[in-house]
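The residues making up each chain are set out below.
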Amino acid sequence: MGLRKRLGQTAGFLLLALTLAACAAGPSRPAAPDRVSLSSLPQGASAVAMGDDAFSRATLDAINADRVAEGIPPLSPDTQLQHAAAVHSADMAVRKFIGHYNPDRQGPNERMLAVWPEFKGSLAENIAAMNGPLAKKEGTRPEDLANALVKQWRASPPHRKNMRNAAFTIGGVGIAREGDTVYVTTLFATP
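Below you will find a few notes about this structure. What you see is a predicted model, and the numbers here were worked out from it, not measured in a lab. Going along each chain's sequence as written, the residues are numbered from 1 onward. A pLDDT threshold of at least 70 governs which residues receive local features in this predicted model, and a stricter bar of 80 or more applies before side-chain atom pairs are shown or counted, although totals over entire chains, interfaces and linings include all residues. Note: side-chain values were computed over all heavy atoms of the structure, leaving out hydrogens and water.

### Details of the sheet that holds strand E2 (residues 123-131)
Taking strand neighbours across the sheet as the criterion, the four strands line up as E1-E3-E4-E2 in an open arrangement whose pairing is mixed. Among the strands making up the open sheet, the edge pair consists of strand E1 (76-77) and E2. Helix H4 (residues 79-95) rests against E1, E2, strand E3 (170-178) and strand E4 (181-189) of the sheet, and its axis sits at about 25 degrees to E3. Two strands qualify as a pair provided that DSSP identifies no fewer than 2 bridges between them. Strands are runs of DSSP state E lasting at least two residues, helices are runs of H or I lasting at least four, and both sets are numbered from the N terminus onward. Contacts are assigned to residue pairs that have any heavy atoms within 4.5 Å of one another. Each axis is a line fitted through C-alpha atoms, taken for helices only over the stretch in contact, and angles between the N-to-C directions span 0 to 180 degrees.

Listed below in structure tokens is the structure:
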């Protein structure tokens, strides 16, 4: 592998590592909102959110492979979790932010209630922004990108804890692409 290619991959993983480090510090909660919508998701993001695709399926498969290797049952895919995750990833791409809370102060729980008003379970979220040659759409197999992402999450105690929490039985992965950046949101839940 050439030096230029290794430097490009290193830069991409550096962005991912910085994103993971920001998440590891815990979700930063904005000031208490006056009112946060529990009934709708951001319109701009909802309009461009991607449905289930090869990378989101590969990511859930990689998470499940990690769970099974640890003796934990795999997550069942859930369309409502996938939709909420896809809209959040699209929102991060459209509004250029990375975080568990969007500029409207909606967090994972609020987004989940917007798509599944009867939801009463527990919920956790992992997010990432991947950049660089490995994240480019052309030429990278979804499985390779998913495995690189899950490897980074395994190295982060809070992300690993979410992935390996045996109480979570359903999951959904949503992605969005903006240029060479891939935004990923994974929701883990109990029904």
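### Quick look at the environment of lysine 96
For lysine 96, the location among the structural elements is in the loop between H4 and helix H5 (108-115). Contacts of lysine 96, omitting those with residues within four sequence positions, involve Asp91 and Glu178. The term polar contact refers here to a pair of N or O atoms within 3.5 Å; inside protein, the definition further demands a hydrogen-donor-capable atom paired with an acceptor-capable atom, and it admits residues adjacent in sequence only when both atoms are side-chain atoms. Of the polar contacts made by the side chain of lysine 96, one reaches the backbone oxygen of alanine 93; its length is 3.3 Å.

### A few points about the packing of aromatic side chains
Each Phe, Tyr or Trp ring, with Trp reduced to its six-membered ring, pairs with another whose centre is within 6.5 Å; inter-plane angles below 30 degrees give stacked pairs, above 60 give edge-to-face pairs, and intermediate values give tilted ones. Summed over all chains, the structure comprises two aromatic pairs. Their ring planes at 55 degrees and their centres at 5.2 Å tell us that tryptophan 116 and phenylalanine 119 sit as a pair that is tilted. The same class applies to tryptophan 116 as to phenylalanine 119, namely buried. A simple rule labels every residue: compare its accessible area, found with a 1.4 Å probe on the protein chains alone, to the largest value its type can have, and call it buried under 20%, exposed over 50%, or partly exposed in between.

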